[in-house]
Amino acid sequence: MQRRSFVASCAGAAAVTLGRGASAGEELLAPTPPMGWMSWNQFGPEVSDHLLREMADAMVASGMKAAGYTYVCIDDLWQGGRDRAGNLYPDPKRFPAGIKAVADYVHGRGLKLGIYTDAAEKTCAEQPGSLGYEDRDAAAFASWGVDYLKCDYCFAPEDQETAIARYRTMAQALRRTGRPIVFAVCEWGPREPWTWAARIGAQLWRTTWDVRDIWEGEYNDDHLGITNIIDRQADLADYAGPGHWNDPDMLVIGLHGKGTYTSPKGWPPCRDVEYRSQMSLWCLMASPLHATCDLRTMDGLTREILTNRDVIALNQDPLGRQARRAIKDRHVEVWKKPLADGRFALGLLNRGPQAGEVRLKWTDIALKPAWRVRDLWTKEDLGTVRDTITRRVGSHETCVLLLS
Ligand code: GLA
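(A) Representation of the sheet that holds strand 16 (residues 381-385). Across the sheet, six strands lie side by side as 11-12-13-18-15-16; this open sheet has antiparallel pairing. Across the chains shown, the open sheet's two edge strands, defined by having one partner strand only, are strand 11 (324-329) and strand 16. When strand polarity is set aside, the average angle formed by the axes of neighbouring strands in this sheet is 20°. Relative to strand 18 (residues 398-403), strand 15 (residues 371-375) is paired through three bridges, and the arrangement is antiparallel. Opposite aspartate 375, over in strand 18, you have leucine 401 as the bridge partner. Docked against the sheet, helix 9 (residues 272-284) engages strand 12 (332-338), strand 13 (344-350) and strand 18, running at close to 140° with respect to strand 13.

Take a look at the structure:
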């Protein structure tokens, strides 16, 4: 498939917004944050042809596809090795028919396929990485029908210059294949990819170490909870927009302590209200949405959280603005996201141990009176609110309001 050109169709029409990674005349690869499912958090090494096919089926059957989830992503540990000629191949036991067969199946369900590599000799799980083989690997991914590439940074040098050079090489290799492949940089934030990844051709970049299935952890690479991640993400709003997104890592919603690597022993897994807060905040922050729980067996509440269309619509809003934290007052935070049509979305987050009443004056967050307000989780229309809204917000809950 060729990258389609917009030049002819748009001449004289409204200008097409270009992300920093796209050049004039090209369609944006990720005009809104990518949505999908990734194998890592729950399944780790158990990734296989069988699992991927079942997950694609479940994505359709559960209503996830209809809600906007598109990419089925194979994370680390799919590899078998590199043959003498230098060609990367999948583990023949777990992918007996090769990756293209999986891609064909996924495409047949109207979905897209993601895969994983690393910008060094080895991946994080010590599989062959793509350093020195960028063109060859990119060509293989394209020939298999891959639509999305996550590129990790284990076993690579620490400096920023090398990271930029290596990711640029892979971005250019992907481009040369002629297939539109979303490129996801995963160096976790130390080299500030928000300042360069869009420029070298990536559509998203991880901003933090790996998320864990915990609400509040410690800021280190083993125990990063949902709140630690949002604190990291809060200052990066300027860098996100159509075609270029901050990626605060995957959704832990519905893992319930079952994540192979993601649910740390000795820590209580998130509660459902906390999972709902992750969904709320990731949507407000215009973050990529990659579910990671077992879609085949998820319970009704997990499905409800992952497929709340009103909340997803905020995430997919074409303006592509990442919410800013407008108020941080002890336990209570107010997140504010402008939307394309002049409306706003608000998140009222209670990080404290007790439920409480949040009273918010529009003028406190630089909004003029008055707004019609709808609660996107309870689905209540709250009527027209002139000056001050009052909501009871549970401990660790995020109330999401749409203001029109
Ligand atoms: C790193 C990444 C994770 C996952 C693993 C796979 O830790 O940050 O998201 O891809 O590697 O080994």
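Now, onward.
(B) Molecular detail of the site of the ligand. By nearness alone, 13 residues border the ligand, and Asp75, Asp76, Lys150, Asp152 and Asp210 come closest of all. At a separation of 2.8 Å, an oxygen atom of the ligand approaches a polar side-chain atom of aspartate 76. Within the side chain of lysine 150, a nitrogen or oxygen atom sits 2.8 Å from an oxygen atom of the ligand. Protein burial of the ligand: of its 310 Å² of free accessible surface, 93% is covered by the chains. Tallied by class, residues from the shell around the ligand come to seven nonpolar, no polar and six charged.

(C) Structural view of the packing of aromatic side chains. Applying the stated rule across the entire model yields 11 aromatic pairs. Measuring from ring centre to ring centre gives 5.7 Å for phenylalanine 344 and tryptophan 371, while their planes differ by 90°; the resulting arrangement is edge-to-face. Residue phenylalanine 344 is found in strand 13, and its partner tryptophan 371 is found in strand 15; the two are separated by 27 residues along the sequence. With a relative accessible area of 16%, phenylalanine 344 lands in the buried category. Look at tryptophan 371 and you get buried, because its relative accessible area is 13%. Through pairs of rings, three or more aromatic residues link up here, namely Tyr153, Tyr167, Phe183 and Trp196. Against the face of tyrosine 133 rests arginine 82, its NZ or CZ located 3.6 Å from the ring centre. It is arginine 276 that lies over the ring of tryptophan 377; its NZ or CZ is 5.6 Å from the centre.

(D) Molecular detail of the environment of alanine 313. As for its position among the elements, alanine 313 is in helix 11 (residues 309-315). Spatially, the C-alpha atoms of alanine 313 and threonine 390 are 24 Å apart, while their sequence positions differ by 77 residues.

(E) Spatial organisation of unusual backbone geometry. Of the consecutive residues proline 369 and alanine 370, the connecting peptide bond is found in the cis state with omega at -10°. Topologically, alanine 370 is positioned in the loop between strand 14 (356-361) and strand 15. Of note, phenylalanine 155 is a non-glycine position whose phi angle comes to about 60°, a positive value. Positive phi is not limited to glycine here, since arginine 330 has a value of about 55°. Residue placement: arginine 330 occurs in the loop between strand 11 and strand 12.

(F) Seen up close, the pattern of salt bridges. One pass over the full model with this rule turns up 28 salt bridges. As a salt-bridge pair, arginine 206 and aspartate 249 come within 3.3 Å of each other at their nearest N and O atoms. Residue arginine 206 is located in strand 8 (residues 204-206), and its partner aspartate 249 is located in the loop between strand 9 (245-247) and helix 9; the two are separated by 43 residues in the primary sequence. A residue is classified by how much of its surface remains accessible, and arginine 206, at 3% relative accessible area, is buried. With its nearest N and O atoms 3.4 Å apart, the salt bridge here joins arginine 271 to glutamate 274. Since its relative accessible area comes to 42%, arginine 271 is described here as partly exposed. The network of salt bridges with common partners includes Glu216, Asp231, Arg325, Lys328, Glu333 and Arg351.

Thresholds applied
Residues numbered from 1 in each chain as written. Predicted model: local features only at pLDDT ≥ 70, side-chain atom pairs only at ≥ 80, totals over all residues. Heavy atoms only, no water. Pairing = 2+ DSSP bridges. Helix = DSSP H or I, 4+ residues; strand = E, 2+ residues; numbered from the N terminus. Axes fitted to C-alpha atoms, helices over the stretch in contact; angles between N-to-C directions. Contact = heavy atoms within 4.5 Å. Near = heavy atom within 4 Å. Polar contact = N/O pair within 3.5 Å; in protein donor to acceptor, adjacent residues only side chain to side chain. Areas by Shrake-Rupley, 256 points an atom, 1.4 Å probe, with all protein chains shown as cover. Nonpolar A, V, L, I, M, F, W, Y, C, P; charged D, E, K, R; others polar. Phe/Tyr/Trp six-rings, centres within 6.5 Å; stacked < 30°, edge-to-face > 60°. Buried < 20%, exposed > 50% of the residue type's maximum accessible area, 1.4 Å probe, protein only. Lys NZ or Arg CZ within 6 Å of the ring centre and 35° of its normal. Salt bridge = Lys/Arg side-chain N within 4 Å of Asp/Glu carboxyl O.

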